[in-house]
Amino acid sequence: MIKILYFASLRESIGVAEESIAMPATATVGALVEALRDRGGVYAEVLAVTKRWRVAVNQDMAQLTDPIKAGDEVAIFPPVTGG
Amino acid sequence: MIKILYFASLRESIGVAEESIAMPATATVGALVEALRDRGGVYAEVLAVTKRWRVAVNQDMAQLTDPIKAGDEVAIFPPVTGG
Amino acid sequence: MPTIRIQADDFDLTHEQSLIRERHRHVGAIASFVGVVRDINDGQGVSAMTLEHYPGMTEKALTNIVVDAASRWNVIDATVIHRIGTMQPTDQIVLVMVASAHRGDAFAACEFIMDFLKTDAPFWKKEQTADGSRWVDARASDESAQQRWKPT
Amino acid sequence: MPTIRIQADDFDLTHEQSLIRERHRHVGAIASFVGVVRDINDGQGVSAMTLEHYPGMTEKALTNIVVDAASRWNVIDATVIHRIGTMQPTDQIVLVMVASAHRGDAFAACEFIMDFLKTDAPFWKKEQTADGSRWVDARASDESAQQRWKPT
């Protein structure tokens, strides 16, 4: 299982802060986002390719082509605005 | 009369912090420094053209070609080292 | 070596700076940056600001940024404090403090850390305005400020 | 508008910054620089440092520098405090604090003021070392730091 965390506006739109999802052993960040988007509804909306969102894997910023494996912590969030 | 102030190492070398000197009505900073240098001794030494010193007229940094007139306050000092 | 703290409480500039000065006798220059809640943003009045973050990743990201800075400039010590929770206009949000032997390094490292904090540290601001609350949009200017540190 | 002070007494960073924050509700960024007495200079131990200045001209020169900075960047408020007299290693010597709406202006104006203070404000340092006291030489690097602000 892969743990998914949502933050800020994404967390509010989706309505959950955390969930778990099963993925094939050789999945990528892009495949995970695709799987979430395929759920339709708010997922398809907030994760649309035209929207600006970021992904971190195990607390490091990640690219769509980066691999993910069982036990990873994947976070999806809007561009950061701290400071 | 023109008031002359010396600071830091120049004040210590010359041994006075302040003096007054009479100058022609159309004098320049360069002419004043020349007149002081002509005294010889420590003046000639610390105000040598090869030494790095700065001049301010009425509390603004000045050039050798700048004019000076009676009543002006002229300060001569080494390059500044504050901060 | 660097001090990285995420906290709801306010911080005290003099206190943080004294800690650094007491620890190192070779420090000649300390550059600091404090981000403050403004009472206006994008033309609208702001009555309060709430900071959300990603626990764990924030500390990791900030540590990486400070380590990067220390590899580029002389950094004797550094402190980064970022507040979370709800703040009011004029409240302090963030502190970046860098101590070096000389001022050029302190200034550059401090600004570098701030620029990367803005683009890489997982914090999000939500503003309270007369029209309700809104998430603050990321600024393109923050992206370009970060890009200019890229080696050319 | 700017606060310019020459004083023998130490200063308090938090206090100076609070004064600025209380006066202005549009401030989003405060960049500060503190110069500190190092226990070493040019390879020799320093036990004390005495600062001499040119009363009157110092205030005038610092005011001009801050006015120049405010003509180039958004400067909502600025504070410059320079100590005179005798100080020990780890003591604060100088504070330059600049408040702006955004951080780029605060950083640039703060560094600009420090760079010009180093070359244009009439202060002189005398160090106490094991070999006696010596006047500190001006650094070529300070001259070049100042020159880079010239319009190109």
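Criteria and thresholds
- Residues numbered from 1 in each chain as written.
- Chains lettered and ligands numbered in written order.
- Predicted model: local features only at pLDDT ≥ 70, side-chain atom pairs only at ≥ 80, totals over all residues.
- Heavy atoms only, no water.
- Buried < 20%, exposed > 50% of the residue type's maximum accessible area, 1.4 Å probe, protein only.
- Helix = DSSP H or I, 4+ residues; strand = E, 2+ residues; numbered from the N terminus.
- Arc of directions from axis to C-beta.
- Contact = heavy atoms within 4.5 Å.
- Core = buried A, V, L, I, M, F, W, Y, C linked by side-chain atoms within 4.5 Å.
- Buried area = accessible area lost by both parts, 1.4 Å probe.
- Salt bridge = Lys/Arg side-chain N within 4 Å of Asp/Glu carboxyl O.
- Polar contact = N/O pair within 3.5 Å; in protein donor to acceptor, adjacent residues only side chain to side chain.
- Nonpolar A, V, L, I, M, F, W, Y, C, P; charged D, E, K, R; others polar.
- Pairing = 2+ DSSP bridges.
- Axes fitted to C-alpha atoms, helices over the stretch in contact; angles between N-to-C directions.
- Parallel < 35°, antiparallel > 145°, perpendicular 65-115°, else oblique.
- Left-handed = near helix turned anticlockwise from the far one by under 90°.

(A) Fine view of helix H4 (residues 140-147) of chain D. Three or more residues of H4 of chain D are buried, namely Asp142, Ala145 and Gln146 of chain D. The arc enclosing the buried residues of H4 of chain D, seen along the axis, measures out at 95°, which places them on a common side. Buried residues belonging to H4 of chain D abut helix H3 (103-120) of chain C together with helix H3 (103-120) of chain D.

(B) Region of interest: the side chain of Thr14 of chain D. Among the structural elements, Thr14 of chain D can be located in helix H1 (residues 13-23). Once residues within four sequence positions are removed from consideration, Thr14 of chain D is found in contact with Asp12, Leu13 and Thr14 of chain C.

(C) Representation of the nonpolar core in the model. Counting residues in hydrophobic clusters, the biggest one holds 68 residues, and the most contacted among them are Leu62 and Ile113 of chain C together with Leu62 and Ile113 of chain D. With sequence-adjacent residues up to four places away left out, Ile113 of chain C is seen in contact with Ile65, Val66, Ala69, Val80, Val96 and Val98 of chain C. The next biggest cluster of nonpolar side chains, apart from the first, holds 26 residues, and it includes Leu13 and Ile76 of chain C together with Phe11 and Met97 of chain D.

(D) The arrangement of the interface of chain C and chain D in detail. Taken together, the contact pairs 40 residues of chain C with 40 residues of chain D. Summed over both partners, the interface of chain C with chain D buries about 3,400 Å², with 51% contributed by carbon and sulfur atoms. Joining chain C to chain D, the criterion identifies six salt bridges. Taken together, chain C and chain D are joined by 24 residue pairs in polar contact (both at pLDDT 80 or more). Residues of the side of chain C that touches chain D, tallied by class, amount to 17 nonpolar, eleven polar and twelve charged. Here seven bridges tie strand E2 (residues 29-36) of chain C to strand E2 (residues 29-36) of chain D, and the two strands are oriented antiparallel to one another. Its bridge partner lying in E2 of chain D, Ala29 of chain C is registered against Gly35 of chain D.

(E) Quick peek at the pattern of salt bridges. Taken as a whole, this structure holds 34 salt bridges over all chains when the rule is applied. Between Arg103 of chain C and Asp115 of chain D there is a salt bridge; the shortest N-O distance is 2.9 Å. Separated into two different chains, Arg103 of chain C in helix H3 and Asp115 of chain D in helix H3 make up a pair that spans both. For the pair Arg103 of chain C and Asp115 of chain D, one class covers both residues: buried. Put simply, Arg103 of chain C together with Glu111, Asp115, Asp142 and Arg148 of chain D are held in one network by salt bridges that share partners.

(F) Spotlight on the packing of helix H1 (residues 13-23) of chain C against H1 of chain D. Where H1 of chain C meets H1 of chain D, the closest approach of the two axes is 7 Å, and the angle between their N-to-C directions is 150°. Considering the angle they form, H1 of chain C stands roughly antiparallel to H1 of chain D. Handedness of the crossing formed by H1 of chain C with H1 of chain D: right-handed. In this structure, H1 of chain C contributes Leu13, Thr14 and Gln17 of chain C to the contact, and H1 of chain D contributes Leu13, Thr14 and Gln17 of chain D.

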